[in-house]
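Survey of secondary and tertiary structure
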Amino acid sequence: MLRFLLGRLVKIVLILLAITVLNFCLIHMAPGDPALVMAGEAGDADPKFLAQLRTQFGLDQPFYVQLWAYVSHVLMGDLGYSYRQQMPVSTLILQRLPATLILSITAFALSLGLGVLAGVVAAARQGRWSDSLISAVALLFYATPLFWMALMAVLLFSVQLDWLPAFGYEQAASGLHGLARAFDIARHLVLPATTLGLFFMATYVRITRASMLEVNRLDFVKTARAKGLKPSVIQRRHVLRNAILPVVTLAGLHAGQLVGGAVLIETVFAWPGIGRLMFEALQSRDYNTLLGVFVVSSALVLLFNLITDILYRIVDPRIRAS
Amino acid sequence: MLLDRALRSGVVALGLTLAATASHAASSDSTPVKGGRLDLVVQPEPPGLMIGIITNGPSLMVGGSIYEGLLRYTTDLKPEPSLAKSWEISKDGLTYTFHLQPDVKFSDGKPMTAEDVVFTMDKFLTTTKPKWREVMRHVASVTAPDDNTVVFKMKEPYGPFIRSLSYNVAPIVPEHIYKGTDFLKNPANDRPVGTGPFMLKEWKKGSYIELDRNPYYWKKGHPYLDQVVYHVIPDAASRATAFQTGTVKVLPGGSVENFDIPRLAKGKGVCLSEKGWEYNAPLSFMWLNNREKPLSNPKVRQAIMYALNRKLMLKVLWNGYGKVASGPITSTIPFFDKVDPQYSYNPKKAKELLKEAGYDGKPLRLLPLPYGETWQRWAEVVKQNLKAVGMPVEIESTDVAGWNQKTSQWDYDIAFTYLYENGDPAIGVARNYISSQIQKGNPFNNVEGYSNPKVDKLFSDAAVAADPKDRQKLYTEVQKTLQADVPVAWLLELSFPTLYDCNIHNLIETANGVGNSLGDTWIAK
């Protein structure tokens, strides 16, 4: 186990390094630079102003010097400074990370829990009307564009019914503390987390159902039945445990993806998460912030992959042997 | 309605009574109420609030409540007191003397004196702001004979000077915080300190910016509001929803897509105002790349003007808010003159001109502005208009950074833009047409590459003519010449209506709108 972990960690560092270099090159290939964008927004510029900005951002250095400076800083754990936002990138990311984590963990738990449950039910009632209903609903949530669902949810639950706040992480400048604030955030969380969760839930439903049906046909299930075990015990102990592997794989991928932020949901619900930070940094060519978000989210994706692999070994001891 | 019927039936007395009642209601309505909180939208989130350094629209809107200039401007661009209580201009136009308001303090409690003004004008803004560098080219010296007086000596008479002292061009910054530091890296840029009615309390990045009243504010009894909160909502439809549900009470101009405005304006208790854009006076036009065929031929450029159905654009794309442009100077800016030739929609004439010019049907590239739906649709209308006169156009879409790159590197045939005219043709208009402003790498100058020695001379003479009458003559002449040559295709004088809850009063008091008025704003109970 220890050797496995060490080997994986070395790999992770190397992959991260490669991703950083690749991202750096890609971003610098995009047209325009942060100085031009800032001059553009000011509606006014002279050559001195542009030169001043480029010197300040270090853009007057040769490309390889900029690349080396960036990579060596990242290796020492320094994500650099955002001149646009006048703040260290690590501070910017840490400010946004809690909102992203709250949203993604809630949506993730919701989608996984409901998805697996609905998948198991659908498989058990294969071909009956409840199976068709579950599949249809899951497909509907999966096929509907996320932003449209979000807008419709706002129109219904905020504008028409006035049950839930339409946007934001909490009430602006409310002066709430402690429990009252937590409750306020929870109210704001309902719509974005549900919208995002339902989208991901659909895939879990379909994978769980398909996988359950496949395992159901295997010989050892027949044996269990022949032994006279109760159907519910067979489903839980024998079928589900074997059918869950593909779900774990998928969940590992989703978890990484979710931590990188959900740009659409964060935009529609004005949720102050990492996804929006990244999108805005891209538009303003705020190189350091953009690269910082990439570094952090790719590190998290790699970390979740590692956790998934460890989970595999726990769920299915056969993997350890091979 | 009632008044109308009363007058028609000849009961004048009743009419008078009604009028008196109305004016009475208005006067009780205009007694300001203290207290309350104002919720607005700021779009997009500003990169910073230190407007002596960062000058984009959102920064100026929020920062305008934190910083002040020596003067501010009424909606017809007349100067009025702000940090300067009064001022004198010598007869020869070479000496400007400003008397400051007494006992002004910064929001950190330290006094603001003439020394701060001299430091701001002479040291700070000349380092950080291109616009101010341009103004200072005409200034020989800035001095402070005493704590309450600032004197500018000019090298030559410079008419635009009196309209260059607003908060957005020259905000007064504290010398005690910035002296001897690297202005751009000063940590105080994060915690702006100004003399304005409000000060920064908290900025939750990505969510909201909260300002509280400045306890040291110099103007007695002001501000009326206790708190101002700017909400950051990245999606246009969500901003509209925020206004509908009442979370946000003010949608400053440009906050929502144009097609949403008529719908939102119909809401109960919703007021709409087009005021507050007189200083910026945004003018939209298309750069026509004068360097390359066929657009190097003035006849082709005139043909484009005749081919465009600008009335339709105004009606359909902008819901009638704004005005068809009649030349290079916006009609609210001083020295505007409506001169010929004017170009009304005339596709037949456009075709004739194209034939005369020997245009061969070569397709042209059109670069839209990446500022949302309205601009995208606008490019499509232009494409149709030009196609109708036999000029095929391909739309090349890009994002904001890409747009800046392409225009500043002259990599386009036709490109949408809009620019602020900043209170005076010498500041905001000349830069688009004079030869010395043809500089690659900058999207805010003579990007189209038009060069005419006559126009260069007229603009440079007009900027320094002492007598406004002389300036008018020169600007009238320059407008005639430009309108005949069509260096760019002028589209519309843009209007960005502000939507707000009708209980809010004095929301737009100056030519700079919501950004420069909140010290006077109050909310009726």
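Residues numbered from 1 in each chain as written. Chains lettered and ligands numbered in written order. Predicted model: local features only at pLDDT ≥ 70, side-chain atom pairs only at ≥ 80, totals over all residues. Heavy atoms only, no water.

**Points about the overall build of chain A**
On a plain count of helices and strands, chain A comes out with 14 helices and two strands. If you line up chain A on its principal axes, its C-alpha atoms span 85 × 55 × 40 Å. For chain A, buried positions account for 47% of its 322 residues. Counting only contacts in chain A whose residues sit at least 6 apart along the sequence, the fraction spanning at least 24 positions is 73%. Roughly 16,200 Å² of accessible area belongs to chain A as shown, and the carbon and sulfur atoms make up 70% of that amount. Within chain A, the 17 negative side-chain charges are centred at a point lying 20 Å from the centre of the 26 positive side-chain charges. (Helix = DSSP H or I, 4+ residues; strand = E, 2+ residues; numbered from the N terminus. Buried < 20%, exposed > 50% of the residue type's maximum accessible area, 1.4 Å probe, protein only. Contact = heavy atoms within 4.5 Å. Areas by Shrake-Rupley, 256 points an atom, 1.4 Å probe, with all protein chains shown as cover. Lys, Arg positive; Asp, Glu negative; His and termini not counted. Charge placed at Lys NZ, Arg CZ, Asp CG, Glu CD.)

**Focus: helix H7 (residues 236-244) of chain B**
Residue and element names in this part refer to chain B. Buried residues dominate H7, accounting for seven of its nine residues. Looking at H7, one finds that the buried residues are Ala236, Ser238, Arg239, Ala240, Thr241, Ala242 and Phe243. Looking one or two places after H7, you find Gly246, whose phi comes out positive at around 85°.

**A closer look at the packing of helix H10 (residues 310-317) of chain B against helix H12 (residues 373-388) of chain B**
Residues and elements named next belong to chain B. Close contact between H10 and H12 brings their axes to 11 Å; oriented N to C, the two are set at 150°. In terms of axis orientation, H10 runs roughly antiparallel to H12. Once H10 is placed against H12, the crossing between them reads as right-handed. On the side of H10, the interface is formed by Leu312, Met313 and Leu317, while H12 contributes Thr374, Arg377, Trp378, Val381, Val382 and Asn385. Taken together, the residues of the contact of H10 with H12 sort by class into six nonpolar, two polar and one charged. (Axes fitted to C-alpha atoms, helices over the stretch in contact; angles between N-to-C directions. Parallel < 35°, antiparallel > 145°, perpendicular 65-115°, else oblique. Left-handed = near helix turned anticlockwise from the far one by under 90°. Nonpolar A, V, L, I, M, F, W, Y, C, P; charged D, E, K, R; others polar.)

**Focus on the domain arrangement of chain B**
Residue and element names in this part refer to chain B. Entries for chain B in the domain assignment read domain 1 (32-62 + 196-276 + 497-525) and domain 2 (283-494). Distance from the C-alpha centre of domain 1 to the C-alpha centre of domain 2: 32 Å. Taken together, the contact pairs eight residues of domain 1 with nine residues of domain 2. Of the roughly 690 Å² buried between domain 1 and domain 2, counting both surfaces, carbon and sulfur atoms make up 51%. (Domains from an automatic or database assignment. Buried area = accessible area lost by both parts, 1.4 Å probe.)

**Focus: the domain arrangement of chain A**
One frequent convention defines the size of an interface as the accessible area lost when the parts assemble. All names here are of chain A. If you check the domain split of chain A, you get domain 1 (2-89) and domain 2 (91-321). One C-alpha centre belongs to domain 1, the other to domain 2, and the line joining them spans 31 Å. Counting residues at the interface gives 31 residues for domain 1, matched by 26 residues for domain 2. For the domain 1 and domain 2 pair, buried surface summed over both sides reaches about 2,600 Å², with 70% attributable to carbon and sulfur atoms. Looking at the side of domain 1 facing domain 2, the largest losses of area belong to Phe4, Ile27 and Val89, adding up to 23% of the total buried there. Applying the counting criterion to the domain 1 and domain 2 interface returns one salt bridge. One salt bridge connects Arg8 with Asp309, and the closest N-O pair in it is separated by 2.2 Å. Across the contact surface, domain 1 and domain 2 share 12 residue pairs in polar contact (both at pLDDT 80 or more). Among the secondary structure elements, those contributing two or more residues to the side of domain 1 that touches domain 2 are helix H1 (2-29), helix H2 (34-42), helix H4 (63-75), strand E1 (81-82) and strand E2 (87-88). It is H1 that contributes the most residues to the side of domain 1 that touches domain 2, 13 residues altogether. Residue classes in the side of domain 1 that touches domain 2 are distributed as 21 nonpolar, seven polar and three charged. (Salt bridge = Lys/Arg side-chain N within 4 Å of Asp/Glu carboxyl O. Polar contact = N/O pair within 3.5 Å; in protein donor to acceptor, adjacent residues only side chain to side chain.)

**So, the state of the cysteines**
Residues and elements named next belong to chain B. In the structure shown here, the tally under the stated rule is one disulfide over all chains. Between the sulfur of Cys271 and that of Cys502 lies a disulfide, 2.0 Å long from S to S. Across the S-S bond linking Cys271 and Cys502, the dihedral sits near 115°, which makes this disulfide right-handed. Note that Cys271 is positioned in strand E12 (residues 270-273) and Cys502 in the loop between strand E19 (498-501) and strand E20 (504-505), a separation of 231 residues in sequence. (Disulfide = S-S within 2.5 Å.)

**Here's the deal with the confidence of the model for chain B**
Residues and elements named next belong to chain B. For chain B, per-residue confidence averages 89 on the pLDDT scale, and residues scoring 70 or more make up 94% of the total. In the model, residues 1-28 has pLDDT below 50 throughout and makes five contacts with residues more than four positions away in sequence or in other chains. Predicted complex metrics record ipTM = 0.82 and pTM = 0.86. (pLDDT = per-residue confidence, 0-100.)

**With respect to the interface of chain A and chain B**
Listed per partner, the contact involves 46 residues of chain A and 48 residues of chain B. For the pair chain A and chain B, the summed buried area comes to about 3,900 Å², and 56% of that belongs to carbon and sulfur atoms. Connecting chain A to chain B are three salt bridges. Taking the shortest distance from any N to any O, the salt bridge between Arg285(A) and Asp399(B) comes out at 2.9 Å. Residue assignment for the side of chain A that touches chain B shows that the elements contributing at least two residues are H2, helix H3 (47-57), helix H5 (89-124), helix H7 (146-160), helix H11 (263-268) and helix H12 (274-283) of chain A. Looking at the side of chain A that touches chain B residue by residue, the class counts come to 23 nonpolar, 11 polar and 12 charged.

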